[in-house]
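An overview of the molecular structure
Listed here are the chains, written in short residue letters.
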Amino acid sequence: MSLNGTVQRRWWGRLRRGFVLVGLGLLVFLLVLVIRALGLSSLQPDSVPPEPLAFDEKRAVNRLSGAIRFPTVSWQPPRPRDDAVFADFRAYLAESYPKLRPVVQREEINGSLLYTWPGLEPDLPPIVLAAHFDVVPAQPKAWRFPPFSGAVEQGAVWGRGTLDHKAAVTAILESVEALVASGYQPRRTVYLAFGHDEELGGEEGAAYLAATIRQRTPHLAYLLDEGGMNVLGAVPGVASPVAYIGIAHKGYATVRLSVRATGGHSSMPPKETAIGILARAVTRLETHPFPAELDGAGRLMFEYLAPEMTLAPRLLFANLWLFEPMVKRILAAKPASNAVLRTTTAPTMFHAGTKANVLADRAEAMVNFRLLPRHDFDDVMDHVQRVVDDPRVSVELLGEHSTPPAPVSDVSAPEFGQVLASVRSVFPDAVGVPFLLMATIDAHHYEALTPNIYRYFPARVHNDDLVQVHGADERIGVDNYLDVIRFYAELIRRTAS
């Protein structure tokens with residue numbers, strides 16, 4: 001045996017041992033990742049069946065159908081609302097729920113409605129169940145059934161407001177009437193606050209309701225308004241419906257970019273025109289968005305979702321210390337999940353020019369931002385000016401078209417736990433998760449009254465059907481609607497008793 005052969009065998013032996021050690025190390029590493037994924041504990045409370053609720057189901061469906069027939073449309077100004085239709089709708093509600101009259105006080109406040117169900121212990125902080133009865137316009141030609149027919153067909157009630165958000169108004173009233181009829185009395189006062197102009201910002205409706213409640217009580221236990229729903233097919237790797245309980249909403253800011261230039265004939269254009277300068281500024285904003293951040297309400301949502309996922313996505317979210325950059329890239333690839341990660345940038349309007357052969361002397365663009373709770377208006381303005389980086393582009397925040405993001409409600413608060421428990425009680429197959437609502441709703445008018453604001457409407461929808469909200473063929477299943485009523489009753493029993 002030669003010396004070279006011996007050395008060679010030793011070298012190959014050490015190399016094999018090295019490969020074995022590396023392989024064992026990788027195996028242990030993968031095992032750790034899998035153990036962390038399998039070790040995630042569900043954050044869902046046990047599902048306890050709700051107490052039975054006696055009510056006339058057919059009558060409840062008919063009353064929702066009747067409510068949909070009132071075209072309580074909030075038109076964009078300067079077109080006025082039809083005040084007579086709104087008055088008729090308020091009268092319809094008063095006539096439809098007669099059992100409430102001896103027990104629940106009803107007030108009309110600046111066109112909106114406030115119901116007060118006094119508690120046995122008036123010193124306890126009250127609760128507020130909020131909704132709105134105005135709706136957006138509808139184009140009848142796009143609908144299978146007329147949008148204000150309230151048609152009860154194919155196992156559903158059809159019409160504008162069945163998901164956003166008139167069905168919540170009638171469901172809340174149905175639940176309270178059923179509880180009153182059963183002899184139930186709340187320990188804490190229950191307010192039912194129904195705004196009439198949410199689709200326009202709630203400045204004449206919810207703002208007045210909140211001010212009225214604030215005059216009567218310094219603090220609320222919690223408020224529940226519209227927001228997330230029970231959505232099936234929204235999260236890859238989660239087979240159950242996901243009940244999205246909003247714990248905050250994004251802010252809303254509109255920035256106007258404008259450029260002034262010398263006009264003139266288009267046959268002798270300068271090197272840069274007002275339109276060209278502005279277009280480049282808008283392009284820079286689109287190609288340089290706010291950074292993606294998986295934190296706050298967005299991270300909480302995935303902490304609740306991860307234990308319910310199949311192994312592959314669960315492995316990623318259980319090991320964000322390693323996979324967070326990859327997860328961000330995956331989420332950023334789709335508009336819906338990208339909006340969870342960042343303050344979004346959306347150019348929405350562009351105005352310039354008067355004639356095809358005349359150089360525009362002014363170009364103007366509107367860019368809409370939806371702010372994460374960690375950002376404010378100064379952050380938006382700093383970002384725009386830094387990214388645009390052109391003194392020829394004037395940047396202006398339109399204050400009257402801007403709303404700051406909401407504070408994030410604490411998921412460790414008992415009130416959130418009771419909302420989640422009510423979800424699991426009525427919808428035992430659902431996975432309840434906190435989430436960040438993309439839109440601004442009436443709830444923001446109540447922020448001074450409680451840190452516990454939740455945004456959730458317990459309707460069941462498939463992810464593909466979310467286009468019905470503000471779209472054609474809006475509808476709610478009959479059985480679905482009856483469970484919505486049961487949810488509100490269960491929530492009142494749990495939180496007002």
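Just above sits the structure.
These numbers were taken from a predicted model, which means no experiment stands behind them.

Quick notes on a positive patch on the surface
A contiguous patch of positive charge on the surface is contributed by Arg10, Arg14, Arg16 and Arg17. Tracing the sequence through the fold places Arg14 in helix H1 (residues 3-38).

Here's the deal with the packing of aromatic side chains
Under the defined criterion, the tally for this structure stands at 15 aromatic pairs. With 5.4 Å between their ring centres and 75° between their planes, Tyr456 and Phe487 make a pair best called edge-to-face. Separated by 31 residues along the polypeptide, Tyr456 in strand E16 (residues 453-462) and Phe487 in helix H13 (residues 478-496) bring together distant segments of the chain. Across the pair, exposure class does not vary: Tyr456 and Phe487 are buried alike.

Some remarks on the packing of helix H2 (residues 57-68) against helix H3 (residues 83-96)
The interhelical angle for the contact between H2 and H3, taken along N-to-C directions, is 165°, at an axis separation of 10 Å. Comparing their axes, H3 and H2 come out roughly antiparallel. Regarding H2 and H3, the two cross each other, and that crossing is right-handed. Here H2 contributes Arg59, Asn62, Arg63, Gly66 and Ala67 to the contact with H3, which in turn contributes Phe89, Tyr92 and Ser96. Along the lines of polarity and charge, the residues of the contact of H2 with H3 split into three nonpolar, three polar and two charged.

With respect to helix H7 (residues 296-305)
Listed as buried for H7 are Ala297, Gly298, Met301, Phe302, Tyr304 and Leu305. The arc enclosing the buried residues of H7, seen along the axis, measures out at 160°, which places them on a common side. The elements touched by buried residues of H7 are strand E8 (242-249), helix H8 (311-318), helix H9 (320-332), helix H10 (335-341), helix H12 (414-426) and strand E15 (431-437).

Let's talk about the nonpolar core
Core analysis: the largest hydrophobic core is formed by 118 residues, its most contacted members being Phe194, Tyr446, Phe457 and Tyr488. When residues in this core are grouped by element, the largest group, eleven residues, is from H13. The residues touching Phe457, leaving out its near neighbours within four places in the chain, are Thr162, Leu163, His165, Ala167, Ala168, Gly227, Gly228, Met229, Asn230, Ile476, Val484 and Tyr488. Counting 23 residues, the second-largest nonpolar core is a separate cluster that includes Leu257, Val282, Ala363 and Val393.

Some details on the layout of surface pockets
If you add up the space inside the second largest pocket, you get close to 190 Å³. Those elements that provide at least two residues to the lining of the second largest pocket are H7, H8 and H9. For the lining of the second largest pocket, the element with the most residues is H7, which contributes three residues. Here the residues of the lining of the second largest pocket are counted per class, giving nine nonpolar, two polar and three charged.

Thoughts on the pattern of salt bridges
A complete count under the given rule lists 23 salt bridges for this structure. Two residues, Arg216 and Glu107, come together in a salt bridge whose shortest N-O distance is 2.8 Å. Separated by 109 residues along the polypeptide, Arg216 in helix H5 (residues 206-216) and Glu107 in strand E1 (residues 105-109) bring together distant segments of the chain. Of the charged contacts, one joins Asp473 and Arg144 as a salt bridge, the two residues approaching to 3.2 Å between their closest N and O atoms. Residue Asp473 is located in the loop between E16 and strand E17 (475-477), and its partner Arg144 is located in the loop between strand E3 (127-132) and strand E4 (152-153); the two are separated by 329 residues in the primary sequence. For Asp473, a relative accessible area of 12% gives the class buried. One network of salt bridges, with partners in common, ties together Glu57, Arg460, Asp483 and Arg486.

Thoughts on the side chain of Asp390
With respect to the helices and strands, Asp390 occurs in the loop between helix H11 (377-388) and strand E14 (393-397). When near neighbours in sequence (up to four residues on either side) are disregarded, Asp390 contacts Ile277 and Arg284.

A word on unusual backbone geometry
Omega for the bond connecting Pro77 with Pro78 falls within 30 degrees of zero, at 15°, which places this linkage in the cis form. Of note, Pro78 is situated in the loop between H2 and H3. Omega for the bond connecting Asp164 with His165 falls within 30 degrees of zero, at -5°, which places this linkage in the cis form. The phi torsion at Asn110 lies on the positive side, around 55°, for a residue other than glycine. Backbone geometry places Asp473, a non-glycine residue, at a positive phi of 60°.

Conventions adopted
Residues numbered from 1 in each chain as written. Predicted model: local features only at pLDDT ≥ 70, side-chain atom pairs only at ≥ 80, totals over all residues. Heavy atoms only, no water. Patch = residues over 30% accessible without salt bridge, like charges linked within 9 Å, V, L, I, M, F, W, Y side chains within 5 Å. Areas by Shrake-Rupley, 256 points an atom, 1.4 Å probe, with all protein chains shown as cover. Salt bridge = Lys/Arg side-chain N within 4 Å of Asp/Glu carboxyl O. Lys, Arg positive; Asp, Glu negative; His and termini not counted. Charge placed at Lys NZ, Arg CZ, Asp CG, Glu CD. Helix = DSSP H or I, 4+ residues; strand = E, 2+ residues; numbered from the N terminus. Phe/Tyr/Trp six-rings, centres within 6.5 Å; stacked < 30°, edge-to-face > 60°. Buried < 20%, exposed > 50% of the residue type's maximum accessible area, 1.4 Å probe, protein only. Axes fitted to C-alpha atoms, helices over the stretch in contact; angles between N-to-C directions. Parallel < 35°, antiparallel > 145°, perpendicular 65-115°, else oblique. Left-handed = near helix turned anticlockwise from the far one by under 90°. Contact = heavy atoms within 4.5 Å. Nonpolar A, V, L, I, M, F, W, Y, C, P; charged D, E, K, R; others polar. Arc of directions from axis to C-beta. Core = buried A, V, L, I, M, F, W, Y, C linked by side-chain atoms within 4.5 Å. 1 Å grid on protein atoms, 1.4 Å probe; cavity = no way out; pocket = protein on both sides within 12 Å on 5 of 7 lines; lining within 4 Å. Points joined across faces, edges and corners; volume = space filled by probe spheres on them.

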